[in-house]
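Survey of secondary and tertiary structure
In case you want the letters, here they are:
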Amino acid sequence: MTAPVSIENATKTFGSFTALDAVSLDINAGEFIVLLGPSGCGKTTLLSILGGFLSPTTGRIAIGGKEMTNVPPAKRPTTTMFQDYALFPHMKLKDNVGFGLRMRGVAKAEREERAKGFLDLVGLKSSADKKPHELSGGQRQRVALARALAVDPDVLLLDEPLGALDLKLRRQMQDELKAIQKRVGTTFVHVTHDQEEAMAIADRIVVMNQGKIEDVGPPSEIYMRPRSLFAAGFMGEVNFIPGTISDVNSSQAIVETRLGKVALPKTCFTAAMPSVGQTTTLCIRPEHFRRAGEGDGAVTALGHAAVASSAFFGTHYRCHLRPASAPETSIVAHMPQSAAVMEGQAVTIAVNVGDIVALPSKQA
Amino acid sequence: MAAYSLEDAERRKAWGFVAPALVWTIVFFVAPFLFMVAMSLWAQQGGSIVHVWNFGNYIAFFEKDALFRGLTNSLEITAIVTVLSILLAYPLAWIIAEQVPQKYQRTALILAILPFWTSYVVRSYSWLLVLSRNGVINQTLMNMGVISEPLELASNRTATVIGFVHFFVMLLTLTIYANLVQLSPNYRRAAADLGANAFQTFWHVILPLTMPGIMTGAFLTFVLCIGDYVTPQILGGNNELVLPQIIMLQLGRRADFPMAAALSIILMLAVTAAYIACARWLKIERA
Amino acid sequence: MTRDRLTNIISSVYAVLIFGFIFLPVIVLVLFSFQDGRLPVPPFNGFSLQWYEAVFADRKLMSALLHSFLVATLSSFLACLLGFLAAYALARFKLPGSAWQRGLLIAPMTVSYLIIALGLLTVLNVLGIGLSLWTVSIGHVVINLPLCFAIIYSSMGDHHINIERAARDLGASDIKVMALVTAPMLLPSLLASFFLSMTFSWDEFIIAFLLSRFDVTLPVEIWSLLRSGLNPKTNAIGSLVFLVSATLLVVLELFLFGRTKKS
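Keep in mind that this is a model prediction, so the values were computed, not measured. Per chain, residues are indexed from 1 in the order of the written sequence. All chains are assigned letters beginning with A, and all ligands numbers beginning with 1, in the order in which they are written. Given that this is a predicted model, residues contribute local features only at a pLDDT of at least 70 and side-chain atom pairs are listed and counted only at 80 or more, while totals for whole chains, interfaces and linings are drawn from all residues.

1. Observations concerning the overall build of chain B
Put simply, DSSP H or I for four residues or longer makes a helix, DSSP E for two residues or longer makes a strand, and each gets a number counted from the N terminus. When its secondary structure is counted, chain B shows 13 helices and two strands. Relative to the compact-globule value of 19 Å for 287 residues, chain B shows a C-alpha radius of gyration of 25 Å, a clear excess of over 25%. If you line up chain B on its principal axes, its C-alpha atoms span 85 × 70 × 30 Å. With C-beta atoms placed from the backbone, the exposure class of a residue follows from how many other C-beta atoms lie within 10 Å of its own: 20 or more, buried; 12 or fewer, exposed; in between, partly exposed. Relative to its 287 residues, chain B shows a buried fraction of 45%. Relative to all contacts within chain B whose residues are 6 or more apart in sequence, the contacts with residues 24 or more apart total 70%. This radius of gyration counts C-alpha atoms alone. The globule rule is 2.2 Å times how many residues there are, raised to the power 0.38. Residues are scored as being in contact if the C-beta atoms we place from backbone atoms lie within 7 Å.

So, in structure tokens, the structure goes:
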């Protein structure tokens, strides 16, 4: 069926190495949540803990309100889809999918009936009598999904399931996973290092780094309003422009940067409220730059810049700009398709302040 | 079209490389084997070989009880040895793969197969030291007062079986362990995840997946056991001879090469039958 | 918890019993090689090196030892060389009927040694060629060639092809490529097949027994020793062979196989 998951202060250490550091997270029932981060960030460790393959060193796990911290995998209402699928090679597909049912004592006829139903859900009903080695990678993955869903778990855990597929197949499977999840309503917890994949399928994304959660939220919010420098950098290309807060009033803060003075509404400060004298880093995405005079809404001019290099990407030009006021800095900006950008060209850049996010600078 | 191309030169080179091995195999294996087949269809009379084609040797095999029983003894002993060795070796392989900590597994495995490195002849002889009337077992039991007369443990079929099982347990431990250890740990996790307890995981998932290791070992056991002369000769006594012993007897006093050849062909057919059965089984498992 | 404990106890008991069974004859062998007395059976009278002295004094035994070593080295070297060339040819080039060729080269592995020995014996007999260590070596190459070929062939992966192509591109002749590039890359499997061939040849009985006459190998000489019944001298030579082989194995394991595992 489905159930919410609650992780309270979970820590996992392996000897002197801390894989998870006091991680707390609440997952809603029926949510498709994605754990996103680079290798070694702890996402797979967290998933293993949810599945019961690892116990947290400290902390609690609850599923559906019930204490589950040390419950073995067989007794948890979770099933896992492994990265290498782990389909039993000596069994036919219908026996693979029906394995969990067999362990629950379901009679053969009914087992096969239900197994075929789940194979149908993933579009492989006609292959019920085949063996895994006769299938392609994408098909095997669907069988693994069917097998995991066949026991009607409350939570489905997916361990980088799309990593071995090529791009086209991956996009297709992303859509299918999303569709199936909506159909069955089970809580899905999906681990990946690919931020595009995360944005494509997640209801909420959990960005992790070095055992800690950096940011949690729907894709658009994490992308547009990240709450940590790491999350900002991980979700896509971003320009980090350091500055100092010189003045704060009721609705705005003035930040002095090498590109000039910028007046930012307080909503730009996603992590902490601004105070005078604080160092802050402005995060501006390449696609948010405008040529002065263009664009809609209130734009703040950021001075002149020269185009150091540019490459045509089809939908836009990706340019490296050298600001006149800070020639040692390089800014990455996307110029529109129609701009006909040329190297050496001088442009004036501007940005809509609403698009800027200001985050506390990292302590050196 | 050029009559000579890069590929032709390459191919000629390749033939040159593979030829020595092929020639050796043909000259020293295939040709002698074919010659033996021919020899089996001749007969030995009065010290020399009569080159008349006939199936006399084969007919004699089916008619003479002593000869035929050689094959049945061989098959029975081999079957018992194979089954016993599998039953004893599997738990040992499992223990080394599962219970022994990772970094000691290699050591444990090497220890388990260390006696392989005694000479084969010496190894069978060692069992004689253990099983004979004045051997270790009898002396120990008599000293403890458990028995008053020594047990007839050597020079019979039991001793032969013990000698064989000792050897093949080590071989099977090796093949089964190799199979166990390369199974992805995710199979076990997936089975547990889906609700299987330890026994169910073993019975439904692990055991079937180690069948290749068992069958490889069983096949090797069968081939090596049925063709072995040394162990039965040292431990088996004079009563129930196996086929290799009977073959050697033909060579000994009577120098009856044709008969020896015929019996060898029969032995070879038994092995081929096992090979086909094994290949068939593997295909069934695959399909 | 309790089930784990129970499994551990049963496993330990079983392991002890099985290891006991496996090592029993070896322990008896080695123990009674030091027997101060005529019979290598209980009671153990005392510790004596007389039988080892007897072994070293036995000229036939010592020369059999040497013969075994020579036959093993020669036949293993030849088997490895032929196996390597054949594996190279079949793995790198497309030859017609390569499946048949591979099958033929592997075939002797499926035939009992007794039959191989008998075949050769029959032919040698008819051709009037005398039996000697050379004929034994021929037989040993026959049984070891399939093994060497199989091991080396299966280790010639596709990823090696481009390295060889690079060498050829830079001007190396075929022999140079084989000797300076391919062989070193395949060193682990070359050594493994050589070592395995040595082991099989060294201990092989039936082919050596049937195809030799005056000069014999060690297993054959030990076999004649057996005619004199239970004799501590047999224990001594057996223990010697065992200890040397076992030590060699440990040394190889520590330096060769252990290292390849790390890489």
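Once you've had a look at it, read on.
2. Describing the pairing of strand E19 (residues 346-352) of chain A
All names here are of chain A. What makes two strands pair is DSSP finding at least two bridges between them. Strand direction decides the pairing type here: strand E15 (residues 289-291) and E19, joined by three bridges, are antiparallel. Bridge assignment links Arg 290 to a residue of E19, and that residue is Ala 350. Relative to E19, strand E16 (residues 299-312) runs antiparallel, the two sharing six bridges. Of the residues in E19, the one forming a bridge with Ala 305 is Val 347.

3. Observations concerning the packing of helix H7 (residues 157-181) of chain B against helix H10 (residues 211-226) of chain B
All names here are of chain B. Note on method: axes are straight lines fitted to C-alpha atoms, helices fitted across the in-contact stretch only, with angles between N-to-C directions ranging 0 to 180 degrees. Interhelical geometry of H7 versus H10 gives an angle of 150° and a closest axis separation of 8 Å. The angle between the axes of H7 and H10 places the two elements in the roughly antiparallel class. Of the two elements, H7 crosses H10, and the hand of that crossing is right-handed. On the side of H7, the interface is formed by Phe 164, Phe 168, Leu 171, Leu 172, Thr 175, Ile 176, Ala 178 and Asn 179, while H10 contributes Pro 212, Gly 213, Ile 214, Thr 216, Gly 217, Leu 220, Thr 221 and Cys 225. For this classification, Asp, Glu, Lys and Arg are treated as charged, while Ala, Val, Leu, Ile, Met, Phe, Trp, Tyr, Cys and Pro are nonpolar and the rest, including Gly, are polar. The residue makeup of the contact of H7 with H10, split by class, is 10 nonpolar, six polar and no charged. Each angle receives one of four descriptions, namely roughly parallel if under 35 degrees, roughly antiparallel if over 145, roughly perpendicular if within 65 to 115, and oblique otherwise. Note on convention: near helix rotated counterclockwise from far helix by under a right angle means a left-handed crossing. Clockwise means right-handed.

4. Considerations on the environment of Val 30 of chain C
All names here are of chain C. Residue placement: Val 30 occurs in helix H1 (residues 2-31). Owing to 19 C-beta atoms within 10 Å, Val 30 belongs among the partly exposed residues under this scheme. Separated by 93 residues in the primary sequence, Val 30 and Val 123 place their C-alpha atoms 41 Å from one another.

5. Section: the environment of Ile 106 of chain C
All names here are of chain C. Take Ile 106: it is sitting in helix H4 (residues 98-106). Taking the C-beta count within 10 Å as the criterion, Ile 106 has 16 such neighbours and is therefore assigned partly exposed. Once residues within four sequence positions are removed from consideration, Ile 106 is found in contact with Pro 146, Phe 149 and Ala 150.

6. Topic: the packing of helix H3 (residues 65-99) of chain B against H1 of chain C
As a packed pair, H3 of chain B and H1 of chain C sit with axes 10 Å apart at the nearest point and diverge in direction by 125°. With respect to H1 of chain C, the axis of H3 of chain B lies oblique. By crossing handedness, the relation of H3 of chain B to H1 of chain C is classed as left-handed. Of the residues in H1 of chain C, those in contact with Leu 88, Pro 91, Leu 92, Ile 95 and Gln 99 of chain B of H3 of chain B are Asn 8, Ser 11, Tyr 14, Ala 15 and Ile 18 of chain C. Broken down by class, the residue content of the contact of H3 of chain B with H1 of chain C amounts to seven nonpolar, three polar and no charged.

7. Some details on the confidence of the model for chain C
Any region with low pLDDT has predicted coordinates that should not be read closely. Confidence of the predictor in every single residue is expressed as pLDDT, which spans 0 to 100. The predicted model of chain C has a mean per-residue pLDDT of 87, with 96% of residues at 70 or higher. What the predictor reports for the complex is a pTM of 0.82 with an ipTM of 0.84.

8. Concerning the interface of chain A and chain B
Contacts between the two partners involve 17 residues from chain A and, on the opposite side, 15 residues from chain B. Of all the elements in the fold, those that place two or more residues in the side of chain A that touches chain B are strand E6 (78-81) and helix H3 (99-103) of chain A. Here the side of chain A that touches chain B gets three residues from one element, more than from any other, and that element is H3 of chain A.

9. Quick word on the interface of chain B and chain C
Taken residue by residue, the interface counts 64 residues in chain B and 63 residues in chain C. In terms of residues, the side of chain B that touches chain C owes the most to one element, helix H1 (residues 6-40) of chain B, which gives 19 residues. Here the side of chain B that touches chain C is composed, by residue class, of 48 nonpolar, 12 polar and four charged.

10. Considerations on helix H9 (residues 187-203) of chain C
Expected helix span is given by 1.5 Å per residue-to-residue step, counting one fewer step than there are residues. For H9 of chain C, built from 17 residues, the straight-helix expectation of 24 Å at 1.5 Å per residue is met to within 8% by its first-to-last C-alpha distance of 24 Å. Every buried residue of H9 of chain C is accounted for by Ser 189, Leu 190, Ala 192, Ser 193, Phe 194, Ser 197, Met 198, Ser 201, Trp 202 and Asp 203 of chain C. Looking at the buried residues of H9 of chain C, the elements they touch are helix H5 (120-131) of chain B together with helix H3 (59-92), helix H6 (133-154), helix H8 (174-185) and helix H11 (218-226) of chain C.

11. Some details on unusual backbone geometry
The amide bond that connects Pro 42 of chain C to the next residue, Pro 43 of chain C, takes the cis arrangement and shows omega of 0°. Locating Pro 43 of chain C in the fold gives a position in the loop between H1 and helix H2 (50-57). Even without a glycine there, the phi angle at Asp 152 of chain A is positive, about 55°. Summarising the element assignment, Asp 152 of chain A is placed in the loop between helix H5 (137-150) and strand E7 (155-159). With 16 C-beta atoms counted inside 10 Å, the residue Asp 152 of chain A sits in the partly exposed group. For Ser 155 of chain B, which is not glycine, the phi dihedral falls at a positive 55°. Among the secondary structure elements, Ser 155 of chain B is positioned in the loop between helix H6 (136-143) and H7. By C-beta crowding, Ser 155 of chain B is classed as partly exposed, having 18 other C-beta atoms within 10 Å.

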